[in-house]
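Observations on the three-dimensional arrangement
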Amino acid sequence: MRYSALQILRQGLTGNRGWKPLWREPQPKQRYDIVVVGGGGHGVATAYYLAKAHGLTDVAVLEKGWLGSGNAGRNTTIIRSNYLLPGNQAFYEFSMKLWEGLERELNYNAMVSQRGIVNLFHNDPQRDAAARRGNAMALAGIDAVLLDREALQRKFPVFDFDNERFPIKGGLWQKRGGTARHDAVVWGYARGADRRGVDLIQNCEVTGFDIRGGVCRGVETTRGAIGANRVAVCVAGSSGRVMGLAGLRLPIESHVLQACVTEGLKPVIDGAITFGAGHFYVCQSDKGGIVFGGDLDGYNSYAQRGNLPTVEDVCEGGMALMPAIGRARVLRMWGGVVDMSMDGSPFIDGTPVDGLYFTGGWCYGGFKAIPAGGYCLAHLVATGAPHPAAAAMRLDRFATGAVIDENGAGAQPNLH
Amino acid sequence: MIIDHPLLGPRDAAEFVYLGDAGLIDRPDWQAGDAARRFDDYLHLRDNPAGEHRELWFHEQGDRSWLVVTRDTLTHEIVRVELARDVALARGRDR
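A brief look at the structure comes next. What you see is a predicted model; the values in this text were computed from it and never measured. (Residues numbered from 1 in each chain as written. Chains lettered and ligands numbered in written order. Predicted model: local features only at pLDDT ≥ 70, side-chain atom pairs only at ≥ 80, totals over all residues. Heavy atoms only, no water.)

Right, let's talk about the overall build of chain B for a bit. Each helix and strand in chain B was counted, giving two helices and six strands. Going from N to C terminus, chain B has its helices and strands arranged as β-β-β-α-β-β-β-α. Along the three orthogonal principal directions, the C-alpha set of chain B runs to about 45 × 30 × 20 Å. Counting the 95 residues in chain B, one finds 45% classified as buried. Across chain B, contacts joining residues at least 24 apart in sequence account for 46% of those joining residues at least 6 apart. Of the roughly 5,300 Å² of accessible surface on chain B, 49% is carried by carbon and sulfur atoms. Here chain B contributes 13 positively and 19 negatively charged side chains, and the mean placements of these two sets differ by 5 Å. (Helix = DSSP H or I, 4+ residues; strand = E, 2+ residues; numbered from the N terminus. Buried < 20%, exposed > 50% of the residue type's maximum accessible area, 1.4 Å probe, protein only. Contact = heavy atoms within 4.5 Å. Areas by Shrake-Rupley, 256 points an atom, 1.4 Å probe, with all protein chains shown as cover. Lys, Arg positive; Asp, Glu negative; His and termini not counted. Charge placed at Lys NZ, Arg CZ, Asp CG, Glu CD.)

This is the structure we're talking about:
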């Protein structure tokens, strides 16, 4: 069913009885050409682009729980491409461009809203770093504007500009950044993939890989063995655990990242903001909830929940930036498990096992990467060669020295 | 999380800084023929288990000792805490 204003009118006049489920619930077949492990944003996007861009429809997506039940349902929905390094810029800008046409492409309302993102700075060295990054972005064809204090004061009257310790001096603004509805992105891609013949199989956990002679020939699952010519693993957060089943060790640690949302409030924050002097970032959802978070808890975890000292640190950052947030009540707080890689950048690559492909190491930036991540992995699986936009995201880049370390923090995952 | 320090007793985990897998104690031999490969392995590749994990914590806001904490990454339950020095000596290092 194609969605349109006419369809809404027709359904409204007939008691809304004609809406159909977004996708089928097929039984898994014995064998597929391609099996995608993981039904999160990257998994369903990969399946969608395999079908759409390469005409490969003998594809199954295997999901342990329900579609979008992992990090796709736990992130804070920010999209942006304000990166410094060439290995990242082309990729994230490609993703940004896909976001801009996503809803028309999918015929699905993903609530993409380009309300802008601002990284605040509070002193001269930070201003220099922001200007440098902005210039690097502009050179790569990405929009970047250095805002001064007065421009920010007009945009965000709620911030404490004269904080004694961390006065706001300005910010780097990417106007095309913004937010999108996290679940709707997964649902839109899933619907698009399903309509092109991809089997989306939920409640089907992969428990092993069928690897013989260095070639991956399929997967073992809780619903039986499924053969495949090619297997693509998109399970960021659990990459260590799943790729461990294939006997591979990765340059990744799993960490917990927490986020919070307040009760619904009137519009107060225009866009997404990162505080430059503490671990705090914030945006406001269309429902009015102030969505905010900060840094990792900092230790390996698969628990999908964190500890209170980190929440306290995040809230201190929030109070320093916008004291009014102290009057808002937090409705929910949660944690997600993220793949922290050794240089803070992701992987889209083949593996030493023939026919086994891997995407992961998305750190806390996997959501905005969903369109390009899916597109580039589909390209790699279909053609055997990396997509130019993701050519630097190799698994062996630590051995070769071609790391993509945005923060210059070295091989210490909890510092990225 | 509460880390039961072998010398100081139970301390809040917020006093500590986390480094990572306790395998970092076993620094490779820099003179070995395949030292480059071994250091790549040592610096970058991790088991990253879901379950029991031995890891290094530094008591920065305390006595500045390094500890080897055995902790379940699924529940955050800490099952054992040792001085990293004792662990390193037991593995044959000289300090």
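All names here are of chain A. Of all five residues in strand E4 (residues 117-121), five are buried; the element is thus mostly enclosed. Of the two faces of E4, the one carrying Ile117, Asn119 and Phe121 and the one carrying Val118 and Leu120 are both buried. Pairing of E4 with strand E6 (residues 170-174) involves five bridges; the strand directions are antiparallel. Residue pairing for E6: Val118 is matched across the bridge by Trp173. As defined by bridge partners, E4 adjoins strand E13 (residues 272-274) across three bridges and the pair is classed as parallel. Bridging from a neighbouring strand, Ile117 pairs with Ala272 of E13. (Pairing = 2+ DSSP bridges.)

Residue and element names in this part refer to chain A. The grouping of Met1, Ile8 and Trp19 at the surface amounts to a nonpolar patch, some 290 Å² of accessible area in total. Mapped onto the secondary structure, Met1 falls in the segment before helix H1 (5-13). With relative accessibility at 35%, the residue Met1 sits in the partly exposed group. (Patch = residues over 30% accessible without salt bridge, like charges linked within 9 Å, V, L, I, M, F, W, Y side chains within 5 Å. Salt bridge = Lys/Arg side-chain N within 4 Å of Asp/Glu carboxyl O.)

Quick look at the sheet that holds strand E3 (residues 17-21) of chain B now. Residue and element names in this part refer to chain B. Across the sheet, which stays open at both edges, the four strands sit in the order E3-E4-E5-E6 with antiparallel pairing between neighbours. Because the sheet does not close on itself, it has two edges, and the strands there are E3 and strand E6 (78-83). Here the strands of the sheet are splayed against their neighbours by 30 degrees on average, with no regard to which way each runs. Sheet analysis places E3 next to strand E4 (residues 52-58), joined by four bridges and oriented antiparallel. When the sheet's bridge partners are listed, Gly20 is paired in E4 with Leu56. (Axes fitted to C-alpha atoms, helices over the stretch in contact; angles between N-to-C directions.)

Residues and elements named next belong to chain A. The terminal C-alpha atoms of helix H7 (residues 182-195), which comprises 14 residues, lie 20 Å apart, in line with the 20 Å expected from a rise of 1.5 Å per residue. Within H7, 12 of the 14 residues are buried, which leaves the element mostly enclosed by the surrounding structure. Every buried residue belonging to H7 is among His182, Asp183, Ala184, Val185, Val186, Gly188, Tyr189, Ala190, Arg191, Gly192, Ala193 and Asp194, and all of these are buried. In this fold, the buried residues of H7 make contact with helix H2 (41-54), helix H3 (86-100), helix H4 (102-106), strand E8 (199-201) and helix H10 (370-383). (Expected span 1.5 Å × (residues − 1).)

Contacts between the two partners involve 24 residues from chain A and, on the opposite side, 22 residues from chain B. Taken as a group, Arg249, Asn300 and Tyr302 of chain A account for 32% of the area that chain A buries against chain B, more than any other trio of residues on that side. Put simply, chain A and chain B have three salt bridges between them. Linking Asp41 of chain B and Arg249 of chain A is a salt bridge whose minimum nitrogen-to-oxygen distance equals 3.0 Å. (Buried area = accessible area lost by both parts, 1.4 Å probe.)

Side chains that carry opposite charge are capable of pairing whenever their charged atoms lie near each other. Evaluated as defined, the whole model comprises 27 salt bridges over all chains. Between Asp270 of chain A and Lys155 of chain A there is a salt bridge, with its nearest N and O atoms 3.3 Å apart. Here Asp270 of chain A, found in the loop between strand E12 (252-264) and E13, pairs with Lys155 of chain A, found in helix H6 (residues 149-155); they are 115 residues apart in sequence, far enough to count as distant. Given a relative accessible area of 38%, Asp270 of chain A falls into the partly exposed group. For Arg37 of chain B, the salt bridge goes to Asp34 of chain B, with nearest N and O atoms at 3.2 Å. Given a relative accessible area of 33%, Asp34 of chain B falls into the partly exposed group. Among the charged side chains, a network of salt bridges with common partners joins Glu93, Lys97, Glu100, Asp143 and Arg176 of chain A.

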